Amino acid sequence: AVVSTQSTGGIKKESAKFTKAEVKKDMKSLLSRYAKLKDKTGVATKGDVVVIDFEGFVGGKPFEGGKAEGYSLEIGLGQFIPGFEDQLIGSKSGEKKDVEVTFPKEYHS
């Protein structure tokens, strides 16, 4: 592909300054995003990524958007409603578990 541009002047080089804290935060984010997961023996703890199958029920009936299989969830990030992730702490691979939570009034699946 050929890209043609017309210029009425030179290119102005922009500069940016970053604090050490900003660089550290961005590096931590990149490391987390591209980290490779490995199997763990023992029980799930905060910060672990668990792969779960789940189906949510309200009043004994499944609700729309409340089911998934093979869902990767990092315990402690607060991705699910309050109390859900905490109940996964201590779980073992392959274990079946009932998790009971109270849905917030403003919950939208």
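Everything below is about the structure shown above.
Residues numbered from 1 in each chain as written. Predicted model: local features only at pLDDT ≥ 70, side-chain atom pairs only at ≥ 80, totals over all residues. Heavy atoms only, no water.

A. Layout of helix α1 (residues 20-33). Its 14 residues place the ends of α1 20 Å apart at the C-alpha level, agreeing with the 20 Å of an ideal helix rising 1.5 Å per residue. Counting buried positions along α1 gives zero out of 14 residues, so the element sits mostly on the surface. (Helix = DSSP H or I, 4+ residues; strand = E, 2+ residues; numbered from the N terminus. Expected span 1.5 Å × (residues − 1). Buried < 20%, exposed > 50% of the residue type's maximum accessible area, 1.4 Å probe, protein only.)

B. Focus on the nonpolar core. By size, the foremost hydrophobic cluster in this structure holds eight residues: Ala44, Val50, Ile52, Leu73, Ile75, Phe80, Phe84 and Leu88. When neighbours within four sequence positions are excluded, Ile75 is seen to be in contact with Ala44, Thr45, Lys46, Gly47, Asp48, Val50, Glu85, Leu88 and Ile89. (Core = buried A, V, L, I, M, F, W, Y, C linked by side-chain atoms within 4.5 Å. Contact = heavy atoms within 4.5 Å.)

C. Local environment of the packing of aromatic side chains. All chains considered together, the criterion is met by six aromatic pairs. For the ring pair Phe54 and Tyr71, a centre distance of 5.9 Å and an interplane angle of 80° mean the geometry is edge-to-face. With Phe54 in strand β1 (residues 49-58) and Tyr71 in strand β2 (residues 61-74), the pair connects residues that are 17 residues apart, well separated along the chain. Exposure remark for Tyr71: the relative accessible area of 30% places this residue in the partly exposed category. On the numbers, 5.3 Å between centres and 85° between planes, the contact of Phe63 with Phe103 is edge-to-face. Here Phe103 lies in the segment after β2 and Phe63 lies in strand β2, a separation of 40 residues in the sequence. On the basis of relative accessible area, Phe103 is assigned to the partly exposed category, the value being 30%. Taken together, Phe54, Tyr71, Phe80 and Phe84 form an aromatic cluster joined through their ring pairs. (Phe/Tyr/Trp six-rings, centres within 6.5 Å; stacked < 30°, edge-to-face > 60°.)

Taken by themselves, the reported measurements are silent on function.
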